[in-house]
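A closer look at the structure
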Amino acid sequence: CSYGQTTVEPASYPSMIAPGVVDVQLDIPLEGNTGADDYTLETVRNAAVDKLIAAGIPYDDYDSVNFVIYGCSPKKCPWGAYSAVNGWYAMFKGQYVTFSPIQMHVYGHQIGLYNSNSIITGRDISSGDMTCIMGSP
């Protein structure tokens, strides 16, 4: 549907358990590092990136890198997924990575879309529009 403008190609390296999939254990606590913004997720993201580098995977060769964290309770991770607008990575909480509407919403942020219920004028202001996949849940 993109007429060749978007291509999704999973990476393939010997350290991957399946094309595009690397399983790593992070030796950091999730508590205090899992707020729904780029700053507080930075610790988790950096720990995962360090593991990718150690496995010989050049993560910076890709436009989109997705991380999935498990074992994060709703109190510690009050979100299903996160990505900054025009960001290079997304963070999913457990089973939320399997929900295609959430994947589509997050990828929308990665390609530059804001939430459809927001008017951007230096700050987010709710417009109430929840009619498309970019409507904020």
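Throughout what follows, the structure given in this document is the object of discussion. Just so it is clear, the model here is predicted, and its values are computed rather than measured.

Counting its secondary structure elements, the chain contains 2 helices and 5 strands. Going from the N terminus to the C terminus, the chain shows its helices and strands as α-β-β-β-α-β-β. Relative to its 137 residues, the chain shows a buried fraction of 29%. Here the analysis covers contacts within the chain between residues at least 6 apart in sequence; of these, 46% occur between residues at least 24 apart. For the chain, the accessible surface area stands at approximately 8,900 Å², while carbon and sulfur atoms represent 54% of it.

What you tend to see is this: most non-glycine residues have negative phi, and most peptide bonds are trans. For N86, which is not glycine, the phi dihedral falls at a positive 65 degrees. Among the secondary structure elements, N86 is positioned in the loop between strand 2 (81–82) and strand 3 (89–93).

Take the side chain of S83 next. Within the element layout of this structure, S83 appears in the loop between strand 2 and strand 3. For S83, a relative accessible area of 7% translates into the label buried. Here Y89 takes part through its backbone oxygen, which lies 3.1 Å from a polar atom of the side chain of S83. Not counting residues within four places of it along the chain, the set of residues in contact with S83 comprises Y89, A90, V106, H109 and Q110.

Here the focus is the packing of aromatic side chains. A complete count under the given rule lists 6 aromatic pairs for this structure. When the ring of Y59 is compared with that of W88, the centres are 5.4 Å apart and the planes differ by 40 degrees; the resulting orientation is tilted. Of this pair, Y59 sits in the loop between helix 1 (38–54) and strand 1 (65–69) while W88 sits in the loop between strand 2 and strand 3, and the two are 29 residues apart along the sequence. In this structure W88 comes out as partly exposed when scored by relative accessible area, which is 31%. Plain terms: the ring middles of Y96 and F99 are 5.6 Å apart, the flat faces sit at 85 degrees to each other, and that makes the pair edge-to-face.

For the rest of this paragraph, the subject is the pattern of salt bridges. Applying the stated criterion to the full structure yields 1 salt bridge. Note that R45 is salt-bridged to E42, the shortest N-O span being 3.8 Å. You can see R45 and its partner E42 sitting in helix 1, 3 residues apart, about one turn around the helix. On the basis of relative accessibility, which here comes to 32%, the residue E42 falls in the partly exposed class.

Within a sheet, each strand pairs with its neighbour through backbone hydrogen bonds, oriented either parallel or antiparallel. One open sheet accounts for 3 strands, arranged 1-3-2; its pairing is mixed. A strand with exactly one partner marks an edge of an open sheet, and here the two such strands are strand 1 and strand 2.

Another point: a nonpolar patch on the surface. A cluster of nonpolar side chains, namely Y107, I111 and L113, defines an oily patch on the protein surface of about 280 Å² accessible area. On the secondary structure map, I111 appears in the loop between helix 2 (100–110) and strand 4 (118–120).

What follows deals with the nonpolar core. One finds L41, F67, I69, W79, Y89 and M91 to be the most contacted residues of the largest nonpolar core, which totals 18 residues. If you list the elements that add at least two residues to this core, you get helix 1, strand 1 and strand 3. Of all the elements, helix 1 adds the most residues to this core, at 5 residues.

Turning our eyes to something else, we now look at helix 2. What helix 2 keeps buried is the set H105, V106, G108, H109 and Q110. The secondary structure elements touched by the buried residues of helix 2 are strand 1, strand 2 and strand 3. In the segment just after helix 2, G112 is the residue with positive phi, at about 105 degrees.

Conventions we followed
- Residues numbered from 1 in each chain as written.
- Predicted model: local features only at pLDDT ≥ 70, side-chain atom pairs only at ≥ 80, totals over all residues.
- Heavy atoms only, no water.
- Helix = DSSP H or I, 4+ residues; strand = E, 2+ residues; numbered from the N terminus.
- Buried < 20%, exposed > 50% of the residue type's maximum accessible area, 1.4 Å probe, protein only.
- Contact = heavy atoms within 4.5 Å.
- Areas by Shrake-Rupley, 256 points an atom, 1.4 Å probe, with all protein chains shown as cover.
- Polar contact = N/O pair within 3.5 Å; in protein donor to acceptor, adjacent residues only side chain to side chain.
- Phe/Tyr/Trp six-rings, centres within 6.5 Å; stacked < 30°, edge-to-face > 60°.
- Salt bridge = Lys/Arg side-chain N within 4 Å of Asp/Glu carboxyl O.
- Pairing = 2+ DSSP bridges.
- Patch = residues over 30% accessible without salt bridge, like charges linked within 9 Å, V, L, I, M, F, W, Y side chains within 5 Å.
- Core = buried A, V, L, I, M, F, W, Y, C linked by side-chain atoms within 4.5 Å.

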